[in-house]
Every structure is written in structure tokens, then in C-alpha cells.
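# Coordinate analysis (summary)
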Amino acid sequence: MNAIAILSIEDEPEVREAIRRDLRPFETKFRIEAAEDVADAREALAQIEDDGDRVGLILADHRLPGETGVDFLTQLHGDGEHAAVRKVLLTGQADQQDTIRAINEGGLHHYVAKPWQAEALVKVVRDELTEYVLRAEDIDPMPYVAVLDGPRLLEKISRGPRID
Amino acid sequence: MTPPTILCAHRDDALVSRLEEEIDHWSGGAFRFERFTDGGRLIGRARELRKAEEDLAMVFCGLDLETIDGASTLIAIREEPQLRGTRRLLLDAIHGGCRADELLQHGALHARVDPDFDPERLHALLRTQLTDYVIQAAPHRIDELHPLLDLRSMGSAFLSARSNLEQLSARLDQVQTSVIDGTSMSDDQIETTMIEEFDDLLDQPERRTYAPEEIMVHEGDEAGHIWILLEGRVKLFRCLDGKNVTFHSESAGRIVGLMSLSLQNPVFFSCRAVTEVRALVLSRDQVRDAISRSPLLASCLITVILRSMARRNRRAVQLLTKVHQLNARLEKQRDDLEAALNDLQAAQKRLIESEKMATLGTLAAGMAHELNNPVAAMQNATRYLLEDIPGLLGSTRDLAPAAAALDLAREAAPLSTRDERSLKRELGQSLDQTLPADRLVAAGIRSVEDFRKLEKLDPGLKRDALLQQIENGGQVGSSLRNIENCSTRIAALVRSLKLYARADESWTDGVDLNATLEDVLAILRSKLRDHEVIKHYGDLPTLRGIPSQLQQVWTNLIQNAAQAADENGRLTITTTREGDDQVRIEIEDNGRGIPDDAQPHIFSPRFTTKSGRVEFGLGLGLPICKTVVERHGGRITFQSEPGRTVFMVVLPLIPPKSEP
């Protein structure tokens, strides 16, 4: 099926539901999964990959029971397979030290402070997913033109497949 | 034995020959007679004789001589210590300016022989002088010379010598006793004796006067003198690290320089006059000479050295003891300072802590006050919405699926993300491929049956429209549920804040603690469903307190224990009476324990949106417990290790300062 998945990690059910709702514009083209802590996120990640899908974007809270979101992003960034995954921190609690570490070691692409505005979150997710699709060699951008940043994707399509 | 010698220096050869002739005649050639015209030569010859240990009985000098005149020659002879007995005679007439007065003053002259002498009178003079000589310096010649001596004066001289000898031996005895038994002679007596002896032996040696503060001798100088203090006081000091440190003032003694001199070391202490000081100053040679001639003096010096050593030794021990005491005191002071510093740091920490708590208290009170009304309004509004929206949807049959979806979503038990994923999978497999399982789950559908039920409510409805109703209705339902949950949480937080900040409840007498615990257990029954609760209630006296606040403490402690203990955990609640005026409550669980690094902080407030739910719920809960317990004049402590955590609360029956 080869769908691209969005994985959010958030321990509070109400907040999780709010994120899920904000991600509705993407639900037709993307698989949306949620995890309540880092251990669960690993499980979800494994399941997504077992299904033949891949994770394009991770939306992680920082303070979680057990390992922190920054820990997880850092680990993921370093494991070689998930370097391309777009990584967004959605948190109200990361201090400066955590944030610096997330950028330097976790390959963080974006930081969204809680509480957030739905439009802002949607824009961040759209931009990051567009970036993911553009950078991936093996993804046809065509199906995503309507949901993501259409003009940028079309530009890539018009240039044709890259020949390295 | 060589005959005794007589030396004569004079320019008048004839006169000298006459004199030699008369002496020969009188003595029968008992003397060796040598003549000079040069005073210097005579002195040289006298010294030769002294070195050869020959007897020089008399020296005759004229006033006018070559190189050194007669007066100076006689004075020089007098200065030779070994020639003290030698008779010094002037062979000249006396005239104005002839220095005879000077000679007499110096004690350099024993008698004068006129150049125009009468032989009879010369013989008499020679007899007297020779007798004095023999008595003083040559008793061994008595046998040989006795025909020439004045036996009567010899006799009286011997008598007085014997009595002197007896006196001397008595004094020696005394000195010997005093050396052995140092008490028989006082320091003053010894000093007086020494001064007398030195004066006697050295013919009144030099006295010197020092002004107050004047340095008499400097440390490191070569030891060449001793000082016998006649008047005034001194102190002895050394320079240590650039500072003059006094070692002896009372213990300095009356004789200075003796130790260095006797040890032949450089001067060890500098000596400074404290008052005006008058002292007898003696050179090493003078001391040596005096000692060699006076056993009494030697004994005195030994006594002085012994006493001075003893005195200084005692002083040294005193100083050492003092140093030791000072060291001990310093060490104690250092320890005290360190302890004081620690206390101060602890006090400062407590102060900062209590300041922080006070600030937090004010902040919390303000926040609680400000949040109270909006939260209450929000809870009411949510309740109205929960009535009005279903009412609205129920007013038309067309929206029946949406209304049902709303109800479903409202009531849906929250799923873990893990369960949610497997549910999606399950629905995806059993439902029509065209139906998006994940959207249905998000809308609150929990089973295929749920969906079928909604579908049947309006069988004519198209798939898309049905899906739309389910999603919208479900969203409204879950949103309402979330608002309800969240506002309830905020309300609880506000209540906690109020409790933490300041109680508005009143103090009550006769509070039954076991009853407050039972109330709490009743409220928490559903949460403790999966736990075993063991109760050991002691027979407790009632106490004065604020029941609702105490209940809050038990609620927090029991909730924490239940959360820590996981499912099927065991909680043990024990109450006991402690002494006459205290009760003790222990709440124990067999859970995983509090991590070591968290233990020091568990009573500090941490504001977090996950308050009450992070790890094992250490948000405001424990700080509130501490505040309430302390308000009741009690204390709360805990012990925690994996498998056993106990919180212990000890409360006085009457709080020390409870407000009415």
C-alpha cells in the first residue's frame, strides 16, 4: 500500500484527540497514528513499517512518561534509517537546553509551542510533509498535490525525474 | 730555683750601680739585678719572666726613660695580671708635673726611693716591700728569704690569711650547698656575691647604662660578654617571621649572655632594656680570668646557669603548653566556624525555601481566586451543552445517526493508543473496504455492532452522508467529553491550590482520625477496587484539627500509594497513639518505590499540566500534605525502597498554634 504515515506522540488523551482532529485535512492521503509514550511510539513505528508503509512525519511532545520526546527524536535521527523523517516538537514544556539538544542532535525540523493554533499546526505539517515528499527519490508527488503544497510539488514534477 | 729578679730602669747609671750595690749588700746577693735605660725594654723583660714563670720581686723606675717613661712603665706592669705581686717602686725625686699623682691614683706605685737615699732607710723599705711581695705572690720563698723579711708583719699577714681562708672555705661550703640545693642562696645573694667577687678580682670592672628600649645585644652576634643587671629590667626576644616575639621577661633573670657564652654559640636572644638598665659588663676573658681565680665565683656561675636553665626550661614548657592550647583553641574555633557556616547555609536554604513557599502560596491563592469563577461557569456551560445539543439533534429524525454517534463518543471509554490501533485493524478487516476504519474509531465507534446500529437508524441514508453524521456527531460528543473532563480537572486543581495556599475551613475539636481515614477510603473505593487494603486502627484519642484538610492529606497519600502499587497491590494503613500527646498514621504500599534522585524533592511543589498524573502523581499532592500537616503542628516523613514505601504522619493532639 506504501502509504506515508504521520505519527503523533502525546500522553494526554484530550490533547491527542485535539491533534487528531487538527490532522483531519491529511486523513484522506496519509495514515495517521498516535502513541501515548515513547515505547508505544516504537511499537506503532514497527507496525507501520510491517504494513509496508513508512513514517514521513513525527509530531512529538517532549515531556512524556518514561523517555522524553527529545530522547526519541535523537535516537531516531541517529539510527540511519529514519534520518529523512520530518521531526516536529509540539510541546509547552521543553526548556532551552532540551530544545538546543533536539536541534543539534535530534535533527529537529520544527518547534510548535503549546497551546497551538490549528491553522498554524496544519501549515507546519503541510510544509514538512511537502519537504519529505520532495526529498524522497522514490515517491510520486502527484497524489499529494491537492493536500500538500501543490505548486512546489508540481515544479518538481515538471522537472522530471532527477538524473544523478 | 732561680733567684728572684729585680729590674731597674734609669738613665743615671751611677745611681743604679749604687742601688744594686746596696741591695746586694743588704741581701747577700739573693737577687738577680738587671738594669735598663728604656721603659719598653723593661716591660718586655718583665713579660718574658712572667712567661718563664720566674719570680719578679721588684721593679724600680726613674721618671725619665727612653721610649716609654717611668710612669707608663709602672702602669703597664700593674696591668699584667700575673705580676700583681711585683712591687712597683719609683726611683726619682718628685717635682711638679711628674705624673707621680697619676701613678698613685692608678694604684701603680707601692713606694718611692729618693735618689739621694740613706742606706739604712733603703734597707727598711726593701724589707717591707719584699715581705709584702712574699706574702702576696711568693710564699714558697719564705724559707729562702726569711732573714730579709719582716717577720712580725709576716705573722699578722698569715693570721689574717688563715682567717680569710676559713671565711673562704665557709663561703665555698655555702656555695657548694647552694649548687646542690639551690634554695639556700637567693638569686640576690648570688648576684651580690658575684658582683663583689668580680669587683674584687677585676678591680671594679666597667658599669654601663642603657636607656629604655635600647638594644643591649642582638641575636646572631658573637657571644663575647655577659651582663649582670644592677638595676632595671630587660626582656629577651627573637625575630620570627619578621616579628619580634618576646620569650622571656619575668624569666629573663639578672644575668644576660651567660648561656651563649658558656655554650660558645652566637647570641640566641636579643636583649632589650625595658626600663633604664645599669649593668656590669664583662668580657669573656675577664670572666674566664675571674673564674680561674675564684672557685666561689665559678660555683655561683654554675648555680646561675643551672637556675637560669631551669627557669627557661620551665618557661619553654609553659610556652609549648600555651602553643598547644592555642592550637587546640584554633582547631575548635575552626570547627565551630565550619559548623556555623553549615548552619548558616542550611538556614539560608530554609529561608529561601520558606520564602519560595510564601511566594508560591500568595501566587496560588491569587490564581485559585481568579480561576474559580471561570471554571465554575465553564462547568455549568458544559452541562448545558450536554443537555441542549442532544436535545437539538433529537428534534429531527434526519439527524438520528449523528445524535447516536454523539452519545457513543461521549460515553466511549478512552482507549490506549495501542488498543486503538488494534481496534482500527479489526474494524478495517470486518467492515466494507470503502469505510475508513481509522476515522470511525476517531469518531468513537468501538465495534462493528456500534456501526451497524447507527446504520439502521436511517437505512435510506447514503454512505457518505452517514459517515459525515457519524464523524460530526462523534466529534461533538468527544469534544464535550473532553471539555467536561478538562474543566473537572481544572476545578480540582483550583481546589488543590486553595488548600495549598490557605485553608478557609475552621478548626474543630474532637476529630476522630480513624473516621476521617474511613471517609476517604469510602470515596476512593472505586480506585482501590483492585488493591488489597489492610487496616490496623489503634485506639486513638480525638484531636483538634481541620477535618476536610486532614481528609485531603489521606486522599493524596492513599491515591499515591494506590498508583505506585499498580494493580493487585497491597496498602497497609496503621494508626497508633504515640506518647500522651501525639498520634501516628502510616500509609504503606508495596509498589515500585520513589527513585532515589526524586526523594529529596517530593515535598517541593512542581506545577505541571500533568499534575497528579506524572509518574506516580507527585504534583501538588505531597506539598499540600506537608503544608496541612505542618499547619496542624505535625510532621510528615517517608521511607522508600522498591517494594516498600511508607509515609508517616505524626500529629499532636493539640496543635501549638491553631487559629480559632
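Scope of this entry: the structure provided in the associated data block. (Residues numbered from 1 in each chain as written. Chains lettered and ligands numbered in written order. Predicted model: local features only at pLDDT ≥ 70, side-chain atom pairs only at ≥ 80, totals over all residues.)

## Regarding the overall build of chain B
Of the regular secondary structure elements, chain B holds 19 helices and 20 strands. Here chain B holds 660 residues, and 31% of them are scored as buried. Considering only residue pairs separated by 6 or more positions, chain B has 73% of its internal contacts joining residues 24 or more positions apart. (Helix = DSSP H or I, 4+ residues; strand = E, 2+ residues; numbered from the N terminus. Buried ≥ 20, exposed ≤ 12 C-beta atoms within 10 Å, placed from the backbone. Contact = placed C-beta atoms within 7 Å.)

## Here we look at the pairing of strand β9 (residues 234–240) of chain B
Residues and elements named next belong to chain B. Summarising the sheet, β9 and strand β12 (residues 270–273) pair through four bridges and their orientation is antiparallel. Each bridged residue has a counterpart across the sheet, and for Lys-235 the counterpart in β12 is Arg-272. By the bridge criterion, five bridges tie β9 to strand β10 (residues 243–248) in an arrangement that is antiparallel. Counted as the bridge partner of Leu-240 is Lys-243 from β10. Remark: two residues form the turn of the hairpin made by β9 and β10, two consecutive strands paired antiparallel; Asp-241 in that turn has positive phi of roughly 50 degrees. (Pairing = 2+ DSSP bridges.)

## Remarks on the sheet that holds strand β3 (residues 56–61) of chain B
In any sheet, the strands associate via hydrogen bonds between backbone groups, in a parallel or an antiparallel arrangement. All names here are of chain B. Pairing in this open sheet of five strands is parallel, and the strands run β2-β1-β3-β4-β5 from one edge to the other. Each edge of the open sheet is held by one strand with a lone partner, namely β2 (32–36) and β5 (111–113). Taking each pair of neighbouring strands and ignoring which way they run, the sheet shows an average axis angle of 25 degrees. Relative to β2, strand β1 (residues 5–9) runs parallel, the two being bridged by five bridges. Of the residues in β2, the one forming a bridge with Thr-5 is Arg-32. (Axes fitted to C-alpha atoms, helices over the stretch in contact; angles between N-to-C directions.)

## Considerations on the nonpolar core
Residue and element names in this part refer to chain A. Core analysis: the biggest nonpolar cluster contains 40 residues, and Ile-6, Leu-7, Leu-57 and Ile-58 have the highest contact counts within it. The set of elements that each furnish at least two residues to this core consists of β1 (4–9), β2 (31–35), α2 (38–50), β3 (54–60), α3 (69–78), β4 (86–91) and α5 (118–135). With residues up to four places along the chain from it excluded, the contact list for Ile-6 reads Leu-23, Phe-26, Phe-30, Ile-32, Gly-56, Leu-57, Leu-59 and Val-125. (Core = buried A, V, L, I, M, F, W, Y, C linked by C-beta atoms within 7 Å.)

## Points about unusual backbone geometry
Between A:Lys114 and A:Pro115 the backbone carries a cis peptide bond, its omega angle lying at -5 degrees. For B:Asp203, which is not glycine, the phi dihedral falls at a positive 55 degrees. With respect to the helices, strands and loops of the structure, B:Asp203 is situated in the loop between α8 (187–202) and β6 (207–210). Among the residues examined, B:Asp203 registers 10 C-beta atoms within 10 Å and is labelled exposed. The phi dihedral of B:Glu213 is positive, around 80 degrees, even though this residue is not glycine. Here B:Glu213 lies in the loop between β6 and β7 (215–217).

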